[in-house]
Amino acid sequence: MKDNRPVNLDIGSMKLPITAYASITHRVSGVFLFVGVGLLIWMLDASLSSPESFASLTNTLTSVPVKLLLWAVLAGAAYHSVAGIKHLIMDFGIGESLEGGVMGARIVIASAVVLTLLAGAWIW
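Residues numbered from 1 in each chain as written. Predicted model: local features only at pLDDT ≥ 70, side-chain atom pairs only at ≥ 80, totals over all residues. Heavy atoms only, no water.

Peer 1: Quick question: what am I supposed to make of the layout of surface pockets here?
Peer 2: The rolling of a water-molecule-sized probe over the atoms marks out the regions of remaining empty space. Reported here for the largest pocket is a volume of approximately 190 Å³. Sorting the residues of the lining of the largest pocket by element identifies helix H3 (64-91) and helix H4 (98-123) as the ones contributing at least two each. Per-element tally for the lining of the largest pocket: the top contributor is H4, with six residues. A per-class count over the lining of the largest pocket returns eight nonpolar, four polar and one charged. (1 Å grid on protein atoms, 1.4 Å probe; cavity = no way out; pocket = protein on both sides within 12 Å on 5 of 7 lines; lining within 4 Å. Points joined across faces, edges and corners; volume = space filled by probe spheres on them. Helix = DSSP H or I, 4+ residues; strand = E, 2+ residues; numbered from the N terminus. Nonpolar A, V, L, I, M, F, W, Y, C, P; charged D, E, K, R; others polar.)

Listed below in structure tokens is the structure:
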């Protein structure tokens, strides 16, 4: 019996379809948001603790690294939300074909880029 299946797959050399990248980044953005929401809750607590902590947080939020961090959290939220909406639409049976999946992944990525740019314009 001759077995032609590969024994060790080198994932780094495989060309993944756009739907795989969209799925992987949806999961990564969810993990990133888990950490990012903790940061946002800490900032909310600091802003509500006292007038002094609010003033300190306001000064901190004007720095470039913090603005970049907030932009990254908003970008993750935008991507994760748009990809989640795509999954909800697919739960209704829309876009479940290969062509529909590719089109949905392209729409998700394009929408997330636009929303990320809008979030950047809002922060800066």
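Next comes the rest of the account.
Peer 1: Please explain the packing of helix H1 (residues 18-49) against H4 as it appears in this structure.
Peer 2: Packed helix pairs are characterised by how far apart their axes lie and by the angle those axes make with each other. Where H1 contacts H4, the axes come no closer than 8 Å and their chain directions differ by 50°. Taken together, the axes of H1 and H4 are oblique relative to one another. Where H1 crosses over H4, the handedness of that crossing is left-handed. In contact with Ile18, Thr19 and Ala22 of H1, H4 contributes Gly101, Val102, Ala105, Arg106 and Ile109. Partitioned by chemical class, the residues of the contact of H1 with H4 number five nonpolar, two polar and one charged. (Axes fitted to C-alpha atoms, helices over the stretch in contact; angles between N-to-C directions. Parallel < 35°, antiparallel > 145°, perpendicular 65-115°, else oblique. Left-handed = near helix turned anticlockwise from the far one by under 90°. Contact = heavy atoms within 4.5 Å.)

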